Every structure is written in C-alpha cells, then in structure tokens.
Amino acid sequence: MNKETPTVKEKAIYQAVVDLFMEGADLSGLTVSEITAKAGIGKGTAYGYFSDKEDMIARSICYNVDQYCHWIYQGITEQKTLYEKIDFLLGKMEKEISKADCLMRLANTMSMDSVIGKRIRQQEVENNSKNPPLELLEAVFEAEHFTPPLSEEMLQFLARNALSRIFCYGMMLSNNSVRAQRMTAVQKTAAVQKMAAAQEAEMQAMHRLVCMGICSDADAVRQWLSSERG
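Everything in this summary refers to the structure shown in the same document. Remember, predicted model here, so these are calculated numbers, not experimental data.

Leaving glycine aside, a negative phi is the common case for residues, and trans is the common case for peptide bonds. Cis geometry is adopted by the peptide bond preceding proline 148, which originates at threonine 147 and carries an omega value of -5°. Take proline 148: it is sitting in the loop between α8 (132–142) and α9 (152–184). Residue histidine 145 is not a glycine yet carries a positive backbone phi of 55°. Inspection of the secondary structure assignment puts histidine 145 in the loop between α8 and α9.

So this is what it looks like as structure tokens:
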C-alpha cells in the first residue's frame, strides 16, 4: 500500500474524480474536460501525466482506495486481537459512512468486468501490486502468525472471505444511513423513533456477527492446520 507519491497535479485529478463520483457522476460517462475542469488544470497539462480518461479514473480509484486502506491499517496495527482489529475497521466505517460508502463502491469497480475494472487489473499486473482492501486484510491475517504459516492460497481465501463479510456489512450500513436521513425529513413520532432504535440495535448485532464470523474462519483454519500437522 501507499507505494508512490503522486505529484500535486496528479493528486488534483485523483480528488476531482472522487468528488465527481460523490456528486453522482457515472465513472464511465465522465469526460476528460469534466475531470480537468474539476481539478482546475488544463487538458494539455493532464495529458502530461495520464494517457487517457481511463488512466485518470483507474489511477484515481487505486490511489484513493489505497490511501483509505493505509489510514485504516495504521489504526489496526495498534489493536491486539483479530476481533479488535475487525471491530476497529467496522467502527471507522460507521463513523465516516459517506466516505466509506464511496470508497467501497470505488473498490467494487476494481473487480467489475468493465473498461475501468480491466484497466485497474492491468495496472496491478504491471506494477506487481494487489487490490488494496485485499492487501490490507492479508496483512491482518499474516500478523496472526499461523503455525505453520498460511499458504498464499489460504491467505487469499481468508482475506477474500473477510472482505465479502465487510462489504456486505458496509452495504447494510449505507442503506441504514439512507433510511435514517429520510426519517429526519418527517416528523419523528414515537413509532418512528422506536423503529430507528430497533434498526440501530440490529446494526450493532451485525457488527458483532461480522467480527465473530471472521474470527471463526481464522479459528477453523488454525484447527485445520493443527490436524494436518498431527
């Protein structure tokens, strides 16, 4: 994660793409003119750093998702147990729902069978890099010091399984946030407030279930490794 430091103009493009995306723009429909206007730089200048529109968008997604994952990982390293690490990650998502939702949708674009998705995967191959969310979770599981050490395939299995749980939770979190915002637009009757409290309790339960599920997967692998050793 966080492999190269972009120039000021590159960062401006990266931020412009994310801003346009958060404003509701369709990534596939964006134009170079829209991106450079948002970034406040000329098209000619932008082409000195990027080959085309897809390059701008692909690199922007990789950079912004990588930066968010790097920021999360710094906090994760201060946690002791696997449960505490996943709990910390979900807590950060809950505190910055709009940002987490945006970056989750961007991360999802990385795996899509689209022009942008293919360009991102091509860059990963060329740069010998990994999908940032998966790289983060692989680092989390590597720090668990399995004995014997996990194979690359088993490490990827745990990371992808954890990412799937976290992504599903993030979608539920986003939907719950949208419902909460709608409630503020109507009179908060006792019934509405009771429903909101029930939804909050349900999300807290899901939070714990995600943490326990990921820990359970890791424990199952530990047991399997132990049986293989014996």
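Right, let's get into the packing of aromatic side chains. Summed over the entire model, instances satisfying the criterion amount to three aromatic pairs. Summarising the aromatic geometry, the rings of tyrosine 68 and tryptophan 71 are spaced 5.8 Å apart at their centres and angled 45° between planes, so their arrangement reads as tilted. Taken together, the residues span about one helical turn, with tyrosine 68 and tryptophan 71 both in helix α4 (residues 53–76) at a distance of three residues. Owing to a relative accessible area of 11%, tyrosine 68 belongs among the buried residues under this scheme. Here the aromatic cluster, defined as three or more aromatic residues joined through ring pairs, consists of Tyr14, Phe50 and Tyr63.

Under the defined criterion, the tally for this structure stands at eight salt bridges. A salt bridge links arginine 59 to aspartate 55, with the shortest nitrogen-to-oxygen separation between them at 3.2 Å. Pair noted here: arginine 59 and aspartate 55 are both in helix α4, with a separation of four residues, about one helical turn. Accessibility assignment for this pair places arginine 59 and aspartate 55 in one class, buried.

Procedures and definitions
Residues numbered from 1 in each chain as written. Predicted model: local features only at pLDDT ≥ 70, side-chain atom pairs only at ≥ 80, totals over all residues. Heavy atoms only, no water. Helix = DSSP H or I, 4+ residues; strand = E, 2+ residues; numbered from the N terminus. Phe/Tyr/Trp six-rings, centres within 6.5 Å; stacked < 30°, edge-to-face > 60°. Buried < 20%, exposed > 50% of the residue type's maximum accessible area, 1.4 Å probe, protein only. Salt bridge = Lys/Arg side-chain N within 4 Å of Asp/Glu carboxyl O.

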